Amino acid sequence: MFEKIKKQKNLILYLLFSFIIFLFRIWYIRESNVLAIRNDEYGYWTHAALFSGHDWSDVFAGHMNWYSYGYSLILTPLFWISHDLHFMYKTAIVLNGIFGLVTYFLCCRCGRILFPKLKIWLLYTISFMVCMYSSYITQGPVAWSETFLYMLVWLLLYLFLRFEKHPGVRPALVLSLCMAACYVTHNRTIGIVTAYFLIVLFLRLTDAINWKLSAALLAPLIIILFLNVNIKTYLCIVEGFGLKPKNGMGAQKDHLLSLLTLEGWENLIRALCGQFWSLATSTFGLLYWGLVRCIMRVLSAFRTKKPEKHTVFYLFTLLACIGTFLISAISLIDPASITNLTSDTDLTYFIYTRYNECIIGILLLLGFVELASRKKDGRFVLLTAGGIGIYTIAGIILYDSLQQVTGTWHYRSFCAAGLGFYRLFSEKFAMRWCTLIGAAVFFIMLILLSVYPFCKKRHLRQTRTSIDSCSVPRKYSRRCRRLHMALACLLLTAAFIPTGLYSARIGTISSQLGKVSSKNLAMYDTLKEVVGNKAVYCTLDNTKNYRIAYELQVNLIDTHVYSITMEDLPVYEEGYFICCSNGSLDSFEGTDYYLLAQSRSYAVVAKGEALAAEISFKTKKPLLNLNELSE
């Protein structure tokens, strides 16, 4: 029995880590019932509804901006299986767990190609740590594109390594299709797309690939990018989004033009420093060491004029990281909340990392191996000092910017999930706690990867008794080093898990539970039982809260919901339902309005005596005439 376990220990370890990764992706599945995160989720689910034959344009037209449809293609089959949103949402969360498993598999495969000398069990452990990164966990209970996009980027990296190892037309075509899939899933990967074009151009100019391979690498991507423009135009028109500037490059035009001013460059520096500081903190320095590995490998190849193994991959990774960071920063340099620092400020604009985390996984993998494998010599001390210096400068610039904020600080934890641990120590955002915790974990990790006191004692004992006094200590030194690397991985994982879960709890689950506590879901369920083929008009309250209309439509998948004002209601018609704020109940004139259901802030009203009589036997409570209610 033990012999079989020993022989299959690597497989058992892989299955154990896979189970844990899946478990923490779906950790909150019992509480994940409804869409909760701003407009992003609604945008993806709206596309999926259209692809499955449902027209939600009367709700989302005019209020919603463009969202890519790549992830919507994954959600579309859920509409074919069921129209119960709770079941569909939980299924989407399970899919996130499956995407996490595929990500782990791809991370292991990439690590196997990049680091063939690593023991399999150690590679599994390092990949496990990477896939348990806090933001990966935080995005698990949200049915939007993030977890799917992380998987696609890992697939892109794996296919790139495969193409680098075995260049050919077929691998090139598959790689190009994967790059297109990443962009169609989220347009923020334009930084990676740009890096991809630059790499293909570089390979062609250096005669590393011929024209045939260049065409194979570019043709599918260019065709899909061209088709994507037409599909996007069609969806914007059909779904009523309209061709707004925010739906295209026009959204970034003003941001780019702001770089012609001194203030624009100041904002760009703030955004870049905020992103570097927050990601360096949340990865406990591995971001820096991942970039160091990429830069050093590329510089070494250029200096010797001899391409080393995987040099092109490191160059692609470096360019993709730089492009992603710049795209994310440029999109944040102009909004009032970062330009006008005396107003009510969204802190997330300074430390927004969600767009960068699609590429962060590979830096975790490269950074950990680089830190563990580097000789702790003078060069290492200089690199460490340089990293501390850059981190300090970024922190000072960020701190100086935050001190200018005089209003209330808002913080969207799911957009900077890696910093979630600060809330365990402070109700307000505290750079001090983030820095102290980040530095402490880094130095503990550094000690684990540098000092092996147990091994040294054992080496001394071995040298006294062994015939080969050199080889035996070396053997035990390698074994002890691998053990310390595994312990460092477990330390990081132990820091990532509570951070990820806590950020998910305060950023996502609390929003979902808030809807339950306000009884909105109960109100929707009551309406669902009686609505039939009747229309529902959702009126806008004084705060222009379009979100209630979104919620109503996604919960009543087959119902035609209209977003409308109180003044535009068809008062001379009857046989429909109205969803309005409680404050609007006194605005109805006439005797044919009946209260069907009510939550803390909203109410559902049935218009027409015939409709009231038709549904009265289906309701648990008798309908109340609004005139009688006011009396």
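You'll find the structure just up there.
Residues numbered from 1 in each chain as written. Predicted model: local features only at pLDDT ≥ 70, side-chain atom pairs only at ≥ 80, totals over all residues. Heavy atoms only, no water.

**Student:** What am I meant to see in the overall build of the protein chain here?
**Tutor:** On a plain count of helices and strands, the protein chain comes out with 27 helices and eight strands. In the protein chain, which comprises 631 residues, the proportion classed as buried is 56%. Within the protein chain, residue pairs in contact and separated by at least 24 positions form 78% of the contacts whose partners lie at least 6 positions apart. Surface accessibility of the protein chain: about 28,300 Å² in total, with carbon and sulfur atoms responsible for 63%. (Helix = DSSP H or I, 4+ residues; strand = E, 2+ residues; numbered from the N terminus. Buried < 20%, exposed > 50% of the residue type's maximum accessible area, 1.4 Å probe, protein only. Contact = heavy atoms within 4.5 Å. Areas by Shrake-Rupley, 256 points an atom, 1.4 Å probe, with all protein chains shown as cover.)

**Student:** Just checking my understanding: could you explain the pattern of salt bridges for this structure?
**Tutor:** Oppositely charged side chains are able to pair whenever their charged atoms sit close together. Evaluated as defined, the whole model comprises eight salt bridges. Between D40 and R354 there is a salt bridge, with its nearest N and O atoms 3.6 Å apart. Residue D40 is located in helix 3 (residues 40-51), and its partner R354 is located in the loop between helix 18 (348-351) and helix 19 (360-373); the two are separated by 314 residues in the primary sequence. Of the residues examined, R354 reaches a relative accessible area of 4% and is grouped as buried. Across the pair D207 and R204 runs a salt bridge whose closest N-O atoms are separated by 3.2 Å. You can call R204 buried: its relative accessible area is 18%. Bridged by salt links that share partners, the residues D40, E146 and R354 form one connected network. (Salt bridge = Lys/Arg side-chain N within 4 Å of Asp/Glu carboxyl O.)

**Student:** Would you explain the nonpolar core in this entry?
**Tutor:** Proteins that are soluble and globular tend to have nonpolar side chains buried together. Ranked by internal contacts, the top residues of the largest apolar core, which has 187 residues, are W45, I126, W154, I362, F368 and F577. Apart from residues lying up to four places away in sequence, W154 is in contact with T103, L106, C107, C110, V130, Y136, G361, I362 and L365. Listed in part, the 13 residues of the second largest apolar core include Y576, C580, L585 and F588. (Core = buried A, V, L, I, M, F, W, Y, C linked by side-chain atoms within 4.5 Å.)

**Student:** What am I meant to see in a positive patch on the surface here?
**Tutor:** A surface patch of like charges, here positive, comprises R109, R112, R162, K165 and K309. Mapped onto the positive patch, the elements with two or more residues apiece are helix 6 (85-114) and helix 9 (146-165). Its place among the elements puts K309 in the loop between helix 15 (286-304) and helix 16 (311-330). (Patch = residues over 30% accessible without salt bridge, like charges linked within 9 Å, V, L, I, M, F, W, Y side chains within 5 Å. Lys, Arg positive; Asp, Glu negative; His and termini not counted. Charge placed at Lys NZ, Arg CZ, Asp CG, Glu CD.)

**Student:** What is the right way to look at helix 15 in this model?
**Tutor:** Helical geometry: 3.6 residues make up each α-helical turn, so side chains three or four residues apart lie on a common side. Between its first and last C-alpha atoms helix 15 spans 27 Å; for 19 residues at 1.5 Å apiece the expected length is 27 Å, and the two agree. Those residues of helix 15 not exposed but buried are L286, L287, Y288, W289, G290, L291, V292, R293, C294, V298, S300 and A301. Phi turns positive one or two residues past the end of helix 15, at K305, with a value near 60°. (Expected span 1.5 Å × (residues − 1).)

**Student:** How do you make sense of the pairing of strand 5 (residues 576-581) when you look at a structure like this?
**Tutor:** Within a regular strand, side chains alternate between the sheet's two faces. Burial analysis of strand 5 places six of its six residues in the buried class, which makes it a mostly covered element. Sheet analysis places strand 3 (residues 536-539) next to strand 5, joined by three bridges and oriented parallel. Note that in strand 5 the partner of Y537 across the bridge is I578. Relative to strand 7 (residues 602-607), strand 5 is paired through six bridges, and the arrangement is antiparallel. Pairing of Y576 across the sheet is with K607, part of strand 7. (Pairing = 2+ DSSP bridges.)

**Student:** Which parts of the structure should I look at to understand the packing of aromatic side chains?
**Tutor:** Two aromatic rings are characterised by how far apart their centres lie and by the angle between their planes. The full count for this structure, using the stated rule, is 29 aromatic pairs. Between Y133 and Y136, the ring centres sit 6.0 Å apart and the planes meet at 80°, which makes this aromatic pair edge-to-face. Members of the aromatic cluster, each reached through a chain of ring pairs, are Y44, Y67, Y71, F99 and F148. Over the face of the ring belonging to W144 we find R354, whose NZ or CZ atom lies 4.4 Å from the ring centre. It is K376 that lies over the ring of F380; its NZ or CZ is 5.3 Å from the centre. (Phe/Tyr/Trp six-rings, centres within 6.5 Å; stacked < 30°, edge-to-face > 60°. Lys NZ or Arg CZ within 6 Å of the ring centre and 35° of its normal.)

**Student:** Honestly, helix 11 (residues 190-205) in this entry has me stumped. Any pointers?
**Tutor:** Between its first and last C-alpha, helix 11 extends 22 Å over 16 residues, near the 22 Å set by a 1.5 Å rise per residue. Remark: D207 follows helix 11 within two positions and exhibits a positive phi of approximately 60°.

**Student:** Please explain unusual backbone geometry as it appears in this structure.
**Tutor:** Glycine aside, residues mostly have negative phi angles, and peptide bonds mostly take the trans form. Even without a glycine there, the phi angle at F284 is positive, about 55°. By secondary structure assignment, the location of F284 is in the loop between helix 14 (262-282) and helix 15. With a phi close to 70°, H310 is a non-glycine residue in the positive phi region. For H310, the position within the fold is in the loop between helix 15 and helix 16.

**Student:** What exactly am I supposed to notice about the side chain of T499 here?
**Tutor:** Along the polypeptide, T499 turns up in helix 23 (residues 471-517). Ignoring any residue separated from it by four or fewer positions in sequence, one finds T499 in contact with S134, T138, A417, G418, G420 and F421.

**Student:** So what exactly am I meant to see when it comes to a nonpolar patch on the surface here?
**Tutor:** Judged by side-chain polarity, I223, F226, L227 and I231 come together as a nonpolar surface patch covering roughly 400 Å² of accessible area. Within the secondary structure, L227 is located in helix 12 (residues 211-238).

**Student:** Teacher, can you tell me more about the sheet that holds strand 4 (residues 561-564) here?
**Tutor:** As a general point, the strands of a sheet are linked pairwise by backbone hydrogen bonds and lie either parallel or antiparallel. Taken in spatial order, the six strands line up as 4-3-5-7-6-8 in an open sheet, and their pairing is mixed. Of all strands in the sheet, those bounded by a partner on one side alone are strand 4 and strand 8 (624-625). Two elements, strand 6 (residues 593-598) and strand 8, share two bridges in a ladder whose sense is antiparallel. Within strand 8, the position partnered with L595 by the bridge is L624. Against the sheet, helix 25 (residues 547-555) makes contact with strand 3, strand 4, strand 5 and strand 7, and its axis sits at roughly 160° relative to strand 3, the strand it touches most. (Axes fitted to C-alpha atoms, helices over the stretch in contact; angles between N-to-C directions.)

**Student:** Would you take a moment to explain the packing of helix 5 (residues 70-81) against helix 6 for this structure?
**Tutor:** Geometry of a packed helix pair, given as the angle between the helix axes and the separation of the axes. Following both chains from N to C, one finds helix 5 and helix 6 inclined at 135°, their axes separated by 10 Å at the closest point. One element, helix 5, and the other, helix 6, form an angle in the oblique class. Judged by the twist between their axes, the crossing of helix 5 over helix 6 is right-handed. The segment helix 5 lies against helix 6, with Y71, I74, L75, L78, F79 and I81 engaging F87, M88, T91, A92, L95, N96 and F99. (Parallel < 35°, antiparallel > 145°, perpendicular 65-115°, else oblique. Left-handed = near helix turned anticlockwise from the far one by under 90°.)

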